[in-house]
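Residues per chain are reported as follows:
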Amino acid sequence: MKTNTPRTIRLKDYAPSPFLIETVDLEIDLHPTETRVRSRLKVKRNRKAEPAEWLHLDGEELALEAISINGRPLGEGGWRSTPEGLSIKCPPKGSFELAITSTCSPETNKALSGLYRSRGIFCTQCEAEGFRRITYFIDRPDVLSVYTTRISADIELAPVLLGNGNLVESGKSDGGRRHYAVWHDPHPKPSYLFAMVGGDLRPTTSTFTTASGREVELRIYVEPGKEDRCAWAMDSLKRSMAWDERRFGREYDLDIFMIVAVSDFNMGAMENKGLNIFNDQLILASPDTATDINYERIESVIAHEYFHNWTGNRITCRDWFQLCLKEGLTVYRDQEFSADERSRTVQRVADVKHLRAHQFPEDAGPLAHPVRPSKYIEINNFYTATVYDKGAEVCRMLETMVGREGFRKAMDLYFQRHDGEAATVEQFIACFESACEVDLGQFMLWYEQAGTPQLIVKTRHDAAKATLTLDLEQAIAPTPGQARKKPMHIPVRLGLVGTDGADLALKPAAGTVIAGDVLEFTQRRQSFTFEGLELRPTVSILRGFSAPVNVTHDASDDDLAFLIGHDQDLFNRWQSMQTLAMRLLTGLITGSGARPAGIAPLSAAVRKTLMDENLEPAYRAMFAGLPSEEDIANHIARNVDPGVIHDVRSKMSKALARSMESDLAKLMKRHAVKGPYSPDAESAGRRALANGAFGLLTRLDGAAASELAAGHYAKARNMTDRMAALAALTHMRTPARKEALEDAYKRWKDDHLTIDKWFALQAASNLPGTLAQVEKLLRHPLFSIEAPNKVRALIGTFAMGNPVNFHRPDGKGYAFLADQVLRLDSFNPQMASRMLGTFRSWRTLEENRANLAQRELERIRAHDKLSSDVFEIVGKILD
Ligand code: BES
Ligand code: ZN
């Protein structure tokens, strides 16, 4: 816990480290409460930096035992310890060996940063600044070193010992009671990529032969008894390795690649060199424990962490402001992998939905920051949707502008120029400018300006001249610290749709800037004219969501209905359905009038898509749902009443279901997947469609719906169907609800992972007594506040996945969350800060709720011992 007022770090203050560390030799002697780390560092001065008198090493929660330089212990005047580490005065001018011995206590480390224990397994998490909790070090990403790690332990305490790189030696000592392993990683790396693991783990092994014919050993380590749940992860890993060779020409660079699954992990997974560490939720899968969505997520996270080997590890970040350089780019790469392995359109819709649900509200609220922030207090607070998902969109826009081949050429140049370095966003962009001969000066604003641009589209058709003109306007609302914005370079992909649904040729008039079908929109206001159009075409704007912007378009409801049925761009078909539904929903909610046509045009268009056997089932499934309650709240964005949103949306879902009841029943039957479960995209798509139809049908009133849901539960032969049934039942006042949840408990209680679904289902319930039930579950013997997966399942689901209960008009949901944030902050600030983020949109709420939320936020801020994590977030949310 940090007690001083935390310091702000600024990008403009970046200076290279005055000292570099060429090699690191670690001897780690594992012990639950007194792990001893002896470190020998080969240190030298950095000729590219200002000379310094003091050598500062970062260190946190360490007990220092000894310190020497070139074998000689340092005298009292030679060094001093500071709250953040230790400083050594006037170290030798040339290169020297610095040896430090210190201890740390994994068992009591509940922050899960540094070296800690998860269900008995010793493991590490060093990104961003956890290495300093293992040993004293210059803990910043531009200090690259070659690591050798010798780990020793009682065999019984830790029968398996793993480190980065290749195993060079292992053996026993103390008459066979103890053992050790020496790992060497030849690739220089920053400290945040260090990892080690010790514990009772079982490997599943396989091999992969690289394009150049090298054989790589693959191992996935899990706790004993879980080996039969690794097959999908292994398969995903091999497909990821093959894809990176095919699409980017990138081969793996060590003889062995290991993944370890641990239960307690603050994040999803971590790309440590040659030794990825994963939240076990993102490795373990069997038809009885994992849904299709779980399988899909495992595949994409394995890919993501594997892809970091090149984008992140071989080329790392100069400083943490450049985080999007590895994260945004790697998210883009994992999205592309999923698009290639599954359905491109379905993937695009899912990614855009995710962006809108998480990044757009961040950009519209008090936590808004650029893709490359310019300052931070706590770096852990900047692993955000903006850095990750908007960062990925920025890479995608580059691809849109320079083409698939241009993108590959620029990436090749990036690897050629910067392999082995710690790079910056400017260096990355410079590779695109050189390889593709483009000017990205204005485009750089995507990294610098926060806020989601508003794109306003007006169309003018001139029948006499046979022209269509699009008048485009862009605007970005002010964000914290950025009152005025410059116009951005926005690539707008466009289609003009003829009356038969076919695309019309784009014939730009003189002065219209367009490359292929992408408008280059660079000014505040800009017009684009097309010729040869006697009849007014329907405009399909921002196809494929070619830029992360909000669109206001003057398309009529009829235009939208037409596009839903005919647009050649399947993304925009889905988008048009969302836009039409949102118009209806917000009309009813804000009272600006239910439209005379009611839901008939929407329901006709939705039904047609759902039943269209020419489209793939996974795609059709995405038409079975209205925009979520959160989407609607974000869209309305002021004076939000989550209760009203919930009611209106429920009623409309019900009306939609009623209007196509018999078709939905047909769909459910027709797409029921027979035979043994397989997680492949095609089968998953059919289950998604059947369950989408099922979900809508359960919106209908009364006994029939609960009978249908209970029957679906009873008949379910895999976790996907079982969860679909339970997700419907959890909102129903029916005895079947209790029976099904009890049955699920019996099935899942002995598996710490699967039981999280039971917690989450109850936390998501719309029923009025949910808060009381969540409070009761906090005291359940299988719940633990120290386990992040449990916290996310119960507290996270309640706060983020249950708007109607979290936003109770009496404010008790807010008080509950504030209590849990303070409780978490005393031992795991990262988790506390993430949970606190849920409050970010409090100012958009109606007055009563806004006041109640503010009161709870003030209570958190007034607390006397806050971590820098929570301090930074609560301050921003309230300011
Ligand atoms: N490097 C991160 C993990 C990380 C994040 C470590 C923050 C420390 C602090 C990793 O590559 C990552 O991004 N993981 C994501 C999943 C990914 C698929 C987006 C995660 O853990 O959620
Ligand atoms: Zn990542």
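See above for the structure.
Residue numbers here run from 1 along each chain, matching the order of that chain's written sequence. For this description, chains carry letters from A and ligands carry numbers from 1, given in the order in which they are written. Owing to the predicted nature of the model, reporting of local features is limited to residues with pLDDT of at least 70; listing and counting of side-chain atom pairs is limited to 80 or more, with chain, interface and lining totals taken over all residues. Each side-chain value is derived from all of the structure's non-hydrogen atoms; neither hydrogens nor water enter the calculation.

Chemist: Help me out: how do you make sense of the packing of helix 5 (residues 385-418) against helix 6 (residues 425-436) in this one?
Modeler: Each pair of packed helices can be described by the angle between their axes along with the distance between the axes. A fitted line through C-alpha atoms serves as each axis, taken over the contacting stretch for helices, and the angle formed by two N-to-C directions is quoted from 0 to 180°. To qualify as a helix, a DSSP run of H or I must reach at least 4 residues; to qualify as a strand, a run of E must reach at least 2; elements of each kind are numbered from the N terminus. Where helix 5 contacts helix 6, the axes come no closer than 8 Å and their chain directions differ by 105°. Considered as vectors, helix 5 and helix 6 are oriented roughly perpendicular to each other. Residues Cys395, Leu398, Val402, Gly406, Phe407, Lys409, Ala410, Met411, Leu413, Tyr414, Arg417 and His418 of helix 5 touch helix 6, and the partners they reach there are Gln427, Phe428, Ile429, Ala430, Cys431, Phe432, Ser434, Ala435 and Cys436. Here the nonpolar group is Ala, Val, Leu, Ile, Met, Phe, Trp, Tyr, Cys and Pro; Asp, Glu, Lys and Arg are the charged ones; every other residue, Gly included, is treated as polar. Residues that form the contact of helix 5 with helix 6 fall into these classes: 15 nonpolar, 4 polar and 2 charged. Any angle from 65 to 115 degrees is called roughly perpendicular, while one under 35 is roughly parallel, one over 145 is roughly antiparallel, and all others are oblique. Residues are treated as being in contact if the distance between any of their heavy atoms lies within 4.5 Å.

Chemist: What am I meant to see in the pattern of salt bridges here?
Modeler: Any two side chains of opposite charge can pair, so long as their charged atoms come close to each other. By convention in these notes, a salt bridge is any Lys or Arg side-chain nitrogen within 4 Å of a carboxyl oxygen on Asp or Glu. Inspection of the entire model under this criterion finds 81 salt bridges. Residues glutamate 22 and lysine 42 are paired through a salt bridge, measuring 3.5 Å at the closest nitrogen-oxygen approach. Note that glutamate 22 is positioned in strand 2 (residues 19-29) and lysine 42 in strand 3 (residues 35-45), a separation of 20 residues in sequence. The shortest N-O distance in the salt bridge between glutamate 127 and lysine 326 comes to 2.8 Å. One end of the pair, glutamate 127, is in the loop between strand 11 (121-125) and strand 12 (145-154); the other, lysine 326, is in helix 3 (residues 323-341), with 199 residues separating them in the sequence. Judged on exposure class, the residue glutamate 127 and its partner lysine 326 are both buried. Salt bridges here are not isolated pairs; linked through shared partners, they connect Asp235, Arg239, Arg246, Glu296, Glu299, Glu341 and Arg342. Categorising residues by exposure relies on relative accessible area from a 1.4 Å probe, with only protein chains included: less than 20% of the type maximum marks a residue as buried, more than 50% marks it as exposed, and the intermediate range marks it as partly exposed.

Chemist: Quick question: what am I supposed to make of the sheet that holds strand 4 (residues 54-58) here?
Modeler: Sheet strands pair via backbone hydrogen bonds, and the direction of the pair is either parallel or antiparallel. Strands are treated as partners if at least two bridges between them are detected by DSSP. One open sheet holds the 3 strands; their spatial order is 4-8-7, and the pairing between them is antiparallel. The open sheet has two edge strands with one neighbour each: strand 4 and strand 7 (79-82). Going from strand to strand, the sheet's axes swing by 20° on average, the running direction of each strand aside. One ladder, built from 5 bridges, connects strand 4 with strand 8 (residues 85-89); its direction is antiparallel. In the strand pairing of strand 8, aspartate 58 is matched with glycine 85.

Chemist: Would you explain the coordination of the zinc ion (ligand 2) in this entry?
Modeler: In ideal tetrahedral geometry, four donors around a metal make angles of 109.5 degrees, whereas ideal octahedral geometry with six donors gives angles of 90 or 180 degrees. Looking at the metal site, the zinc ion (ligand 2) is ligated by His304 (NE2), His308 (NE2), Glu327 (OE) and Glu327 (OE), spaced 1.9 to 2.8 Å from it. With water excluded from the atoms, a metal site may look incomplete; its donors are any N, O or S atoms within 2.8 Å, or within 3.2 Å for Na, K and Ca. A site with four donors is called tetrahedral when every donor-metal-donor angle falls between 85 and 135 degrees; four donors are called square planar, and six octahedral, when opposite donors sit more than 155 degrees apart and all other angles fall between 65 and 115; any other arrangement is irregular. Here the zinc ion (ligand 2) is ringed by 6 donor atoms whose angles at the metal span 52 to 162°, and the overall shape comes out irregular. All donor residues of the zinc ion (ligand 2) come from one chain, and their arrangement in sequence is H-x3-H-x18-E. Here histidine 308, found in the loop between helix 2 (292-307) and strand 22 (316-317), pairs with glutamate 327, found in helix 3; they are 19 residues apart in sequence, far enough to count as distant.

Chemist: Is there a simple way to explain the sheet that holds strand 30 (residues 525-530) in this structure?
Modeler: Taken in spatial order, the 4 strands line up as 30-26-25-32 in an open sheet, and their pairing is mixed. Looking at which strands have only one partner, the edges of the open sheet turn out to be strand 30 and strand 32 (550-553). Sheet twist, expressed as the average angle between the axes of neighbouring strands with direction ignored, equals 20°. Sheet analysis places strand 25 (residues 454-462) next to strand 26 (residues 467-475), joined by 9 bridges and oriented antiparallel. Considered in strand 26, the bridge of isoleucine 456 is made with glutamate 473.

Chemist: What should I look at first to understand the nonpolar core in this one?
Modeler: Nonpolar side chains in soluble globular proteins generally cluster together in the buried interior. The biggest cluster of nonpolar side chains holds 270 residues, and the ones touching the most others in it are Leu30, Leu98, Ile283, Tyr414, Phe428 and Leu470. Looking at this core element by element, the count peaks at 14 residues for helix 5. Other than its neighbours up to four places away in sequence, isoleucine 283 contacts Ile220, Val222, Arg229, Ala233, Ile259, Ala261, Phe278, Ile298 and Ile302. Throughout this description, the term nonpolar core refers to a set of buried Ala, Val, Leu, Ile, Met, Phe, Trp, Tyr and Cys residues connected via side-chain atoms within 4.5 Å.

By themselves these figures say nothing about function.
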